[in-house]
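Take a look at the letters that make up each chain.
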Amino acid sequence: MNSRSGPLAVVAAAVLWGTAGTVGTLASATSVSLAAARLVLGGALLGTLALVTRRRTSNGNVPVRRSPILSLILGAVAVAAYQLCYFAAVARTGVAIGTVVAIGSGPVFTGLLSWIAGRERPSGRWALATAAAVAGCAVLVTGGRGTGGVDAGGVALALLGGLLYAFYAVVAARAIGGGMASGVVMGVLFGGAAVLMLPVLASTGPGWLAHPGGLLTALYLGCATTGLAYLLYGRGLRTTPVATAATLALAEPAVAALLGVVALREHLSPVSWAGLALLALGLVVVALPAGARGPGGAVAPGTARAAAGSRQ
């Protein structure tokens, strides 16, 4: 994969994430149960593909660097914990604010963690483009309405969710940069998270999966918006700085909003449309190739630079 196709793979993943909300309305399930089923199915798929990939690599006698097992285990815990933090935040502070804080803080935390891990300062262009994209995301989701009465505990949980997302994204990028196949990395992260989320699915009443509509919805969410999306995201991380990838992932709420207008006949205010335009501008700027090294550092094709629903 060349350096230009990396951002395209990340945006393609974000487009798939953006379809989750609309498709999720087809199932008669709570949001927590739906997210748990999605992660369990998608994680099982990614875990299976990782085992197949690793077996083929071993049979081919291709040298594989030692896996950062501990980091990946912690990353899998972060993937599962992100789900819980997000929905706990939404329950306390509402969908709009919880989504803006959790998703919007992700790129900021990712830039900071990648700076700490790689010891390279994010570029000024990335910072400005990310600020514009996050602001556009906030205006798009809230429609410019005030945030009076927001629960501080809910905001804290949403921020923790953004930090957890940043953590497992950076863990994934560093593992890929260390020589692991991107599919194997995603399989370990999400396969492990699937195991952790099984009790959550069981406790939230998975009976809706017995209905054809519910099962088909869960399969799409698991296979497309988790399995395929994170395979694309992992491939994008081979040549895309992790902080840039996190910012490009903000295309997700834009896709969700547009699908809501087209498929669900929802209405966007003029202020929301302005937020959508600002978000798009930020994404275009951060995706443009630059001569200077971006946050996370430049790498050769075939390796990564040293990271959701939605991603939820």
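What this report covers is the structure whose coordinates are included nearby.

About the cut-offs
- Residues numbered from 1 in each chain as written.
- Predicted model: local features only at pLDDT ≥ 70, side-chain atom pairs only at ≥ 80, totals over all residues.
- Heavy atoms only, no water.
- Helix = DSSP H or I, 4+ residues; strand = E, 2+ residues; numbered from the N terminus.
- Buried < 20%, exposed > 50% of the residue type's maximum accessible area, 1.4 Å probe, protein only.
- Areas by Shrake-Rupley, 256 points an atom, 1.4 Å probe, with all protein chains shown as cover.
- Core = buried A, V, L, I, M, F, W, Y, C linked by side-chain atoms within 4.5 Å.
- Contact = heavy atoms within 4.5 Å.
- Phe/Tyr/Trp six-rings, centres within 6.5 Å; stacked < 30°, edge-to-face > 60°.
- Patch = residues over 30% accessible without salt bridge, like charges linked within 9 Å, V, L, I, M, F, W, Y side chains within 5 Å.
- Salt bridge = Lys/Arg side-chain N within 4 Å of Asp/Glu carboxyl O.
- Axes fitted to C-alpha atoms, helices over the stretch in contact; angles between N-to-C directions.
- Parallel < 35°, antiparallel > 145°, perpendicular 65-115°, else oblique.
- Left-handed = near helix turned anticlockwise from the far one by under 90°.

**What to know about the overall build of the protein chain**
In step 1: Scanning the protein chain from terminus to terminus reveals 12 helices and zero strands.
In step 2: Buried positions account for 49% of the 312 residues belonging to the protein chain.
In step 3: Approximately 13,500 Å² of the protein chain is accessible, and the part contributed by carbon and sulfur atoms is 68%.

**Some remarks on the nonpolar core**
In step 1: Counting 76 residues, the largest nonpolar core has Met-186, Phe-190 and Tyr-233 as the members making the most contacts within it.
In step 2: At 11 residues, the largest contribution of residues to this core is made by helix H7 (residues 152-177).
In step 3: Excluding its chain neighbours within four sequence positions, the residues that come into contact with Phe-190 are Leu-39, Gly-43, Leu-46, Val-79, Tyr-168, Thr-226 and Tyr-230.

**Some details on the packing of aromatic side chains**
Each aromatic ring pair is characterised by the separation of its centres together with the angle its planes make.
In step 1: Scanning the model with the defined rule gives 10 aromatic pairs in all.
In step 2: Arranged with centres 6.0 Å apart and planes meeting at 90 degrees, the rings of Tyr-230 and Tyr-233 form a pair that is edge-to-face. Placement of both Tyr-230 and Tyr-233 in helix H9 (residues 212-236) is noted, with a separation of three residues, approximately one turn of the helix. Accessibility classification places Tyr-230 together with Tyr-233 in one group, the buried group.
In step 3: Connected via pairs of aromatic rings, a cluster forms that spans Trp-17, Tyr-82, Tyr-86, Phe-87, Tyr-165, Tyr-168, Phe-190, Tyr-230 and Tyr-233.

**Observations concerning the environment of Leu-160**
In step 1: With respect to the element layout, Leu-160 can be found in helix H7.
In step 2: Distance from Leu-160 to Ala-81, taken between C-alpha atoms, is 9.4 Å for residues 79 residues apart in sequence.

**A word on a nonpolar patch on the surface**
In step 1: On the surface, a nonpolar cluster with roughly 330 Å² of combined accessible area is contributed by Leu-41, Leu-215, Leu-216 and Leu-219.
In step 2: Broken down by element, the nonpolar patch gets its largest block of residues, three residues, from H9.
In step 3: When you line up the elements, Leu-41 lands in helix H3 (residues 31-59).
In step 4: Note on Leu-41: relative accessible area 31%, which makes it partly exposed.

**Some thoughts on the packing of helix H5 (residues 95-118) against H7**
In step 1: Relative to each other, H5 and H7 sit at 40 degrees, their axes nearing to 7 Å. Relative to H7, H5 is oriented oblique. For the element pair H5 and H7, the recorded crossing hand is right-handed. Note on element contacts: H7 touches H5 through Val-155, Ala-158, Leu-159, Gly-162, Leu-163, Tyr-165, Ala-166, Phe-167, Val-170 and Arg-174, opposite Gly-98, Val-101, Ala-102, Ser-105, Gly-106, Phe-109, Thr-110, Leu-113, Ser-114, Ala-117 and Gly-118.

**Looking at the pattern of salt bridges**
When the charged atoms of two side chains lie near each other, side chains of opposite charge can form a pair.
In step 1: Evaluation of the coordinates by the stated rule reveals one salt bridge.
In step 2: The residue Arg-92 makes a salt bridge to Asp-151 at a minimum N-O spacing of 3.1 Å. One end of the pair, Arg-92, is in helix H4 (residues 69-93); the other, Asp-151, is in the loop between helix H6 (124-142) and H7, and 59 residues separate them in sequence.
In step 3: Assessed through its relative accessible area of 26%, Asp-151 is described here as partly exposed.

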